[in-house]
Amino acid sequence: MLSRLFTMSSAPEFNIDYVANLARLSLTSEEKEKFSRQLGDVLHHIEQLAKVDVTGVEPTAHAFPVENVWADDRPRPGLTVADALLNAPAQCANMISVPKVVD
Amino acid sequence: MSSDIFYQTISSLAAQLAAKKLTSVELMQAVIARTKAVDDRVRAFNSYDEGDALVQAAASDARRAASQSRGPLDGIPIGLKDVIAVAGQPLTASSKMLANFVSPYDATVTRKLKEQAGAVVWGRLNCDEFAMGSSNENSAFRPVSNPWDLTRVPGGSSGGSAAALAAGEAIATLGSDTGGSIRQPAALCGIVGMKPTYGLISRYGLIAFASSLDQIGPFARTVEDAALVLGAIAGHDPLDSTSFNAPVPDYRRELAVKKGPWKIGIPKEYFAEGLDPEVGAAVEAAIAHYKKQGCEIKDVSLPNTQSCLDTYYIIATAEASSNLARYDGIRYGHRSKAATDAIDIYAKSRAEGFGAEVKRRIILGTYVLSTGYYDAYYLRAQKVRTLIRQDFLNAYQEVDVLLTPTSPIPAFKLGEKSDPLALYLCDIYTIGVNLAGLPAMSVPCGFTKSGLPLGLQLIGQPFQEANLMAIAQSYEQAHEWGCRHPSL
């Protein structure tokens, strides 16, 4: 298992600008270069999964079956306004303030 | 057992408290003094609130004086990994993103410890940022040191929880385990660490990393102590839709009842290339011990073991990329001052707030979920997860429990592993358990020649924690590895 990990060559196609934009993550050029190389290695390793025969195998999302849990639609005490705003980076008149979204 | 009060077990301290030979306030004061004496070197705590802890301890003493003790944990200082919410206290996940965050509510485990068990919730323990890592070096604040050798890592991601307990800065602690984050640091720090069955413990108030894998669990000095803490935090919670609805047994009583001999499976794939010879020898000695006790030792195979690492890093990063989308600089957490518009707030706040490993995992997770790659990576990984889980269930047709090393290597030097893949390899023996949702624990099984602790892993059947702990205890009680303490 170890030797397999340390004999990595070319990375699969991976466009870091495209993925970083999807993730809403602004990266420096150094980070782009470094992460591309490191994640290329990881992705190359992950390619090994393509060799596993999964014909007819059902996917597992949770180790145990998870069912929807329904709750009665009844109001109950929640966070106070003060608690809900406790960690807001900026606030005004009991609301969280953000930059203008629509001109 | 050590005469130092801060190195004693819950069961011993509970007896002294009940006999009025000790007060909770005295115990808390001893733990605070110890923490002040050693934590500048161990760096296990992100923060603690001395005054609040003493108020909780005094309340415990008052309950005891009024004959209203809530049981063996009443007045025992228990530290929490800094991903578990405590109302009115900081909650940082060791990330700049949440450096100033104060939790407005208690996690369910916090509430149970405080209100039902009467424990003193003591401090918030350092960890890898958002619980992503195996060395605790990904903390945005400072790395934790291993109390047995301050130049080495304590393991991760719950490194602070393990180091604090090993150093006598708490009597028990909680961590979270997504791919080995309780068991691996427990092994590297010479204590007991347990990852319960997925669903046994509510995740409400636990900062999410990978929701289908995350599980809270205890660190303790003995299996019996772990049983006490587990019993206090387990149980159904309507606030966590994945929480399992079944009565919680009295684990300590079960420990006294369950007796061997057991059938113990040895998965050959876990004794392969990369296993440190000293770790291997200690685990072999433990196998010999069980054999001598009359247990049947059986070789088993988990043929999909070599796919565990790949499957894990697809599923865990995919879930993380989704979970961590909530940190956008709008409602809470770090907001960039350099941002010009709404989208820019997201991208720049996340760039400034997250560290390198978190960014790497978000990018990898976003990629494996993105259009055109979903089927090849994420869906395929979920199918392989089925095969991995089936391997374990097949093995349990023949054996009661599986025995493996916890970590392939003892504690390594701080800064030694800078390549992400090299660090990911530290988890190869622990991640399969999370993918299969099984309970597992690490128990001390010796020391290297240079004095570093070693751990063995026992992997149990779903919701059979009592059996698992009984098997662990039968080994523990025949050895005294856990009675040693680091010289600090």
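Analysis parameters
- Residues numbered from 1 in each chain as written.
- Chains lettered and ligands numbered in written order.
- Predicted model: local features only at pLDDT ≥ 70, side-chain atom pairs only at ≥ 80, totals over all residues.
- Helix = DSSP H or I, 4+ residues; strand = E, 2+ residues; numbered from the N terminus.
- Buried ≥ 20, exposed ≤ 12 C-beta atoms within 10 Å, placed from the backbone.
- Expected span 1.5 Å × (residues − 1).
- Pairing = 2+ DSSP bridges.
- Axes fitted to C-alpha atoms, helices over the stretch in contact; angles between N-to-C directions.
- Contact = placed C-beta atoms within 7 Å.
- Right-handed = clockwise from strand over helix to strand, strands pointing away.
- Domains from an automatic or database assignment.
- Nonpolar A, V, L, I, M, F, W, Y, C, P; charged D, E, K, R; others polar.
- Core = buried A, V, L, I, M, F, W, Y, C linked by C-beta atoms within 7 Å.
- pLDDT = per-residue confidence, 0-100.
- Parallel < 35°, antiparallel > 145°, perpendicular 65-115°, else oblique.
- Left-handed = near helix turned anticlockwise from the far one by under 90°.

Some details on the overall build of chain A
At step 1: A count of helices and strands for chain A gives four helices and two strands.
At step 2: For chain A, the N- to C-terminal ordering of α and β elements is α-α-α-α-β-β.
At step 3: Across the 103 residues of chain A, 14% fall into the buried class.

Re helix α11 (residues 342-353) of chain B
Side chains of residues three or four places apart in an α-helix project in the same direction, reflecting 3.6 residues per turn.
At step 1: End to end, α11 of chain B covers 16 Å across 12 residues, agreeing with the expected 16 Å (1.5 Å per residue, within 8%).
At step 2: Residues of α11 of chain B that are buried: Ile 345, Tyr 346, Ala 347, Lys 348, Ser 349, Arg 350, Ala 351 and Gly 353 of chain B.

So, the sheet that holds strand β3 (residues 120-125) of chain B
Residue and element names in this part refer to chain B.
At step 1: The strand order β1-β3-β2-β4-β6-β5-β10-β11-β9-β7-β8 describes an open sheet built from 11 strands, whose pairing is mixed. Looking at strand neighbours, the two that pair on one side only are β1 (45-47) and β8 (296-300), the edges of this open sheet. Going from strand to strand, the sheet's axes swing by 30° on average, the running direction of each strand aside.
At step 2: Both strand β5 (residues 192-195) and strand β6 (residues 216-220) contribute to a ladder of two bridges, which runs antiparallel. By the bridge assignment, Gly 193 is partnered in β6 with Phe 219.
At step 3: Of the strands in this sheet, β9 (401-405), β10 (440-447) and β11 (453-459) are in contact with helix α16 (residues 465-476), which crosses β10 at around 10°.

Observations regarding the pairing of β8 of chain B
Residues and elements named next belong to chain B.
At step 1: As paired elements, strand β7 (residues 263-267) and β8 share five bridges and run parallel to each other. Bridge pairing in β8 places Gly 265 opposite Lys 298.
At step 2: Since β7 and β8 lie parallel, the crossover through helix α9 (residues 277-292) that links them has a hand, and here it is right-handed.

A closer look at the environment of Ala 356 of chain B
All names here are of chain B.
At step 1: Of note, Ala 356 is situated in helix α12 (residues 356-369).
At step 2: When the 15 C-beta atoms within 10 Å are taken as the criterion, Ala 356 is described as partly exposed.
At step 3: For the pair Ala 356 and Glu 115, spaced 241 residues apart in sequence, the C-alpha to C-alpha distance is 38 Å.

Regarding the domain arrangement of chain B
Residue and element names in this part refer to chain B.
At step 1: For chain B, the assigned domains are domain 1 (5-264 + 398-483) and domain 2 (306-383).
At step 2: Top contributing element to the side of domain 1 that touches domain 2 by residue count: helix α15 (residues 431-436), with three residues.
At step 3: For the side of domain 1 that touches domain 2, the residue count by class is 15 nonpolar, eight polar and two charged.

Details of the nonpolar core
Residues and elements named next belong to chain B.
At step 1: Counting residues in hydrophobic clusters, the biggest one holds 172 residues, and the most contacted among them are Ile 78 and Leu 458.
At step 2: Among the elements that line this core, the one with the most residues is helix α10 (residues 308-323), at nine residues.
At step 3: Of the domains in this structure, domain 1 (5-264 + 398-483) and domain 2 (306-383) are the two that each give at least three residues to this core.
At step 4: If we skip the residues at most four places from it in the chain, Ile 78 touches Leu 113, Ala 119, Val 120, Val 121, Trp 122, Ala 170, Ile 171, Ala 172, Thr 173 and Leu 174.

Regarding the pairing of β7 of chain B
Two faces belong to every sheet, and in a regular strand the side chains alternate between them.
At step 1: Sheet topology note: the β7 of chain B/β9 of chain B ladder contains two bridges and is parallel. Bridging from a neighbouring strand, Gly 265 of chain B pairs with Leu 402 of chain B of β9 of chain B.

Digging into the interface of chain B and chain A
At step 1: Listed by partner, the interface residues are 56 residues for chain B and 46 residues for chain A.
At step 2: For the side of chain B that touches chain A, the element with the highest residue contribution is helix α13 (residues 375-395) of chain B, accounting for 11 residues.

Here we look at the confidence of the model for chain A
All names here are of chain A.
At step 1: Averaged over all residues, the pLDDT of chain A equals 85, while 88% of them reach at least 70.
At step 2: No element of chain A has a lower mean pLDDT than helix α1 (residues 2-5), which averages 36, and none a higher one than helix α2 (residues 16-22), which averages 96.
At step 3: Every residue in residues 1-11 scores below 50 in pLDDT, and together they form 19 contacts with partners more than four places removed in sequence or on other chains.

Some details on the packing of helix α2 (residues 24-42) of chain B against helix α3 (residues 50-65) of chain B
All names here are of chain B.
At step 1: The interhelical angle for the contact between α2 and α3, taken along N-to-C directions, is 155°, at an axis separation of 8 Å. The angle between α2 and α3 falls in the class roughly antiparallel. The crossing of α2 and α3 is right-handed. Along its contact with α2, which presents Ser 24, Val 25, Met 28 and Ile 32, the element α3 presents Glu 50, Ala 53, Leu 54, Ala 57, Ala 58, Ser 60 and Asp 61.

As for α16 of chain B
Residues and elements named next belong to chain B.
At step 1: End to end, α16 covers 16 Å across 12 residues, agreeing with the expected 16 Å (1.5 Å per residue, within 8%).
At step 2: Of all 12 residues that make up α16, 10 are buried, and the element is covered over most of its length.
At step 3: Along α16, the residues classified as buried are Glu 465, Ala 466, Leu 468, Met 469, Ala 470, Ile 471, Ala 472, Gln 473, Ser 474 and Tyr 475.
At step 4: Here the buried face of α16 lies against α7 (223-233), α8 (251-257), α9, β9, β10 and β11.

Considerations on the confidence of the model for chain B
At step 1: Residues at a pLDDT of 70 or more form 100% of chain B, whose mean pLDDT is 96.
At step 2: For this predicted complex, the interface score ipTM comes out at 0.90, while the overall pTM is 0.96.

With respect to unusual backbone geometry
Residues and elements named next belong to chain B.
At step 1: Between Gly 156 and the following residue, Ser 157, the backbone shows a cis peptide bond with an omega angle of 10°.
At step 2: Assignment of secondary structure puts Ser 157 in the loop between β3 and α5 (159-166).
At step 3: For the peptide bond that leads from Gly 260 to Pro 261, omega is 0°, which places it in the cis range.
At step 4: Residue position: Pro 261 is located in the loop between α8 and β7.
At step 5: In this model, Ser 67 sits at a positive phi of 55°, which is unusual for a non-glycine residue.
At step 6: Mapped onto the secondary structure, Ser 67 falls in the loop between α3 and β2 (77-81).
At step 7: Residue class for Ser 67 comes out exposed when judged on the 6 C-beta atoms lying within 10 Å of it.

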